[in-house]
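Below are the chains, spelled out letter by letter.
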Amino acid sequence: IPRAISTWCRPARRNRVLLPGDLFRTPAGNNDLAGEAMTQAGAWLVRASEDFRHSMVVLREARNVKYGTFVEPGQTLTIKAEVLGHDEREVKLKAQGEVDGQVSVSARLVLVRYNLADTDPNKADNDAVIVQNLRELYAQLNRAAPVAP
C-alpha cells in the first residue's frame, strides 16, 4: 500500500437514523458515527490502494480516540485517513475528522484485510461477488462525493 491520504466528506443529518431514535441528538451517538466514518474512510482507502484485492477490510483496533468539537446536524464532517504502515494482514492508519477546519475526532486505527477464501476455499465465489459490489459502490461514492477543500 502506498502511503496515501483519503478524504471523505459527510454532512450530518438529523434524519439519518441507524439505530432506534435519532442519534444526532446526543453527543455519544454522534461520536459513534464519527468513529464509524473514520473506519469507513480508512477501509475505502485500503481497498482502493490495493485494487480491491480483499473482500474484507475490518476494524481490529482503535487507539488514542479523541473527541473535540461536537458535529451538529447540518455540518459536514471531513475525514482524512493516512496509511502509517502495513504488513500482509494489517494496515495501520491515522484518521482525523474536521468540521470547518476544527478537529472533531481523531484516532489511530488498525484494519485487518483478508478474503473469505483464505479460510474456506469454497467461498472464493463469495469474495468475487463482494469485491464486484464494493467496486460498484466505490464508483457511485466517487461520483456523488462532495469535493473537499
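The rules behind the values
Residues numbered from 1 in each chain as written. Predicted model: local features only at pLDDT ≥ 70, side-chain atom pairs only at ≥ 80, totals over all residues. Heavy atoms only, no water. Helix = DSSP H or I, 4+ residues; strand = E, 2+ residues; numbered from the N terminus. Polar contact = N/O pair within 3.5 Å; in protein donor to acceptor, adjacent residues only side chain to side chain. Contact = heavy atoms within 4.5 Å. Buried < 20%, exposed > 50% of the residue type's maximum accessible area, 1.4 Å probe, protein only. Lys, Arg positive; Asp, Glu negative; His and termini not counted. Salt bridge = Lys/Arg side-chain N within 4 Å of Asp/Glu carboxyl O. pLDDT = per-residue confidence, 0-100. Core = buried A, V, L, I, M, F, W, Y, C linked by side-chain atoms within 4.5 Å.

1. A short note on the side chain of D127
Here is step 1 of the chain: Here D127 is to be found in helix α2 (residues 124–144).
Here is step 2 of the chain: In terms of polar contacts, D127 uses its side chain to reach the backbone amide nitrogen of L116, at 2.8 Å.
Here is step 3 of the chain: Contacts of D127, omitting those with residues within four sequence positions, involve S55, N115, L116 and A117.

2. Some thoughts on the side chain of R47
Here is step 1 of the chain: Mapped onto the elements, R47 comes out in helix α1 (residues 27–49).
Here is step 2 of the chain: Nearest to the buried, unbridged R47 among oppositely charged side chains is E36, at 8.7 Å.
Here is step 3 of the chain: Each residue touching R47, except ones within four places of it in the same chain, is listed here: F52, V57 and L134.

3. Details of the confidence of the model for the protein
Interpretation of the predicted coordinates at a detailed level should be avoided for regions scoring low in pLDDT.
Here is step 1 of the chain: On average, residues of the protein score 81 in pLDDT, and 74% of them reach the 70 mark or higher.
Here is step 2 of the chain: Here residues 13–29 is modelled with pLDDT under 50, and outside its nearest four sequence neighbours on either side it reaches 20 contacts, counting other chains as well.

4. Thoughts on the nonpolar core
Here is step 1 of the chain: Counting 11 residues, the largest nonpolar core consists of A34, M38, A41, V71, L77, I79, A95, V99, V105, A107 and L109.
Here is step 2 of the chain: Looking at this core, the elements with two or more residues in it are α1, β3 (76–86), β4 (90–99) and β5 (102–114).
Here is step 3 of the chain: For V99, the residues in contact, after removing those within four places along its chain, are V71, Q75, T76, L77 and S104.
Here is step 4 of the chain: In this structure, A43, V57, A81 and L111 belong to the second largest nonpolar core, which totals nine residues.

5. Comments concerning unusual backbone geometry
Both trends apply: most residues other than glycine have a negative phi, and most peptide bonds are in trans.
Here is step 1 of the chain: The backbone of F52 shows a phi angle near 55°, a positive value even though the residue is not glycine.
Here is step 2 of the chain: Here F52 lies in the loop between α1 and β2 (56–67).
Here is step 3 of the chain: Taking the relative accessible area as the measure of exposure, F52 reaches 8% and is therefore buried.

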